[in-house]
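Architecture and fold: a report
Chain residues, written in single-letter form:
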Amino acid sequence: VRSQGIWRKAHEGAKVKSVSIGRYPRSKAATVTITMELPAVDATWQTVYTVYGRGDVAVTARFDPNKTDLPYIPRMGMQMVLPAGFDRIMWLGRGPHETYCDRKDARVGLYQGTVAEQFYWDYTEPGESGNKVDVRWVALMNRKGIGLLAVGQPLLSVNALHYTTDDLQAAEHPYQLPKRDITVLNLDLMQQGVGGDNSWGAWPHKEYLIPCRQYTYRFCLRPIDRWMGDIRNIATASMAVPSIER
């Protein structure tokens, strides 16, 4: 939506305001806190990475705007890029088809497939597709079963595609999308609803929009491989992140 265009450039000109490190020997953990200024939207983004001795990384993200009269936010979350080969996805959440906060017509279950299968090719113009809501955990893996597990604290909105956001915005038709072997992974608190009550153009209902205000959310990352055992047991064990003993 054009009126929300300011958020496409929210990251531009970002400046690191501070970096601090904390160590907690009793918990065998260390924290790295990074605070960034987002001058394009007059806001602050803070990420706290808590790294535990066994390799888990608990991530806490906080968005804090200095003014709240900006347009609704299309999505609130974080994005990362996985290298070539991590093209298999498994998740515990709604599926197997795409779901959004106002399109939850799918059962919670365990689903899997390739990242390529998550993109919907039948739209005339390429755009957002393949999202998953109410995700308890999601794993991105290569053919050897090596990969990354992300566990919501408690839930996530997840999207994994072989295209960047700019790719989807620039192409007029799906066949114009570049062929990429990377995986772009969004681990979000929320993405706004699809809307379209009139079949085209209608905004999402108010409860499915994201007002400009302070937000905080949390998830845990864990490296995985096939030798660790059943991924479902690994994910369940990761649901509880230990607290730091100072």
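Residues numbered from 1 in each chain as written. Predicted model: local features only at pLDDT ≥ 70, side-chain atom pairs only at ≥ 80, totals over all residues. Heavy atoms only, no water.

1. Quick look at the side chain of Asn-159
Keep this limit in mind: Under the scheme used here, helices are H or I runs from DSSP no shorter than 4 residues and strands are E runs no shorter than 2 residues, and both carry numbers assigned from the N terminus. When a residue's accessible area, from a 1.4 Å probe over protein chains only, is under 20% of the maximum for its type it is buried; when over 50% it is exposed; and in between it is partly exposed. Identification of polar contacts relies on pairs of N or O atoms within 3.5 Å, with a donor-acceptor requirement for protein atoms, meaning one able to donate a hydrogen and the other able to accept it, and with residues adjacent in sequence counted only if both atoms are side-chain atoms. What makes two residues a contact is simply this: any of their non-hydrogen atoms within 4.5 Å.
Position of Asn-159 relative to the elements: it lies in strand β9 (residues 147-161). When its relative accessible area of 2% is taken as the criterion, Asn-159 is described as buried. Looking at Asn-159, its side chain comes within polar contact range of the side chain of Glu-128, at 2.7 Å. With near-sequence residues (within four places) excluded, Asn-159 lies in contact with Arg-75, Glu-128, Ser-129, Gly-130, Asn-131, Val-184, Leu-185 and Asn-186.

2. Observations concerning the environment of Ile-224
Along the chain, Ile-224 falls in strand β11 (residues 215-224). Sequence separation of Ile-224 and Leu-148 is 76 residues, and the distance between their C-alpha atoms is 5.8 Å.

3. A few points about the state of the cysteines
Where we set the bar: The disulfide criterion is simple: two cysteine sulfur atoms within 2.5 Å.
For the structure shown, the criterion picks out 0 disulfides. In this structure Cys-212 is a free cysteine whose sulfur lies 17 Å from that of Cys-101, the closest cysteine sulfur available. Taking the relative accessible area as the measure of exposure, Cys-212 reaches 5% and is therefore buried.

4. Structural notes on unusual backbone geometry
Of the consecutive residues Gly-95 and Pro-96, the connecting peptide bond is found in the cis state with omega at 5°. Structurally, Pro-96 can be placed in the loop between β6 (88-95) and β7 (107-114). The residue after Gln-153, namely Pro-154, is reached through a cis peptide bond having omega 15°. Even without being glycine, Asp-42 reaches a positive phi, approximately 55°. Positioned with a positive phi, Asp-134 is a non-glycine residue whose angle comes to about 55°. Inspection of the secondary structure assignment puts Asp-134 in strand β8 (residues 132-141).

5. Observations concerning the nonpolar core
Operational definition: Note on terminology: a nonpolar core comprises buried Ala, Val, Leu, Ile, Met, Phe, Trp, Tyr and Cys residues joined through side-chain atoms within 4.5 Å.
With 35 residues, the main nonpolar core has Trp-7, Phe-63, Ile-73, Val-138, Leu-140, Leu-187 and Phe-219 as its most contacted residues. Secondary structure elements with two or more residues in this core: β3 (43-52), β4 (57-65), β5 (75-82), β6, β8, β9, β10 (183-191) and β11. Filtering out sequence-adjacent residues up to four positions away, Val-138 remains in contact with Ile-89, Met-90, Trp-91, Leu-148, Leu-149, Ala-150, Val-158 and Leu-187. Residues Met-90, Met-141, Cys-220 and Ile-224 belong to the second largest nonpolar core, which totals 8 residues.

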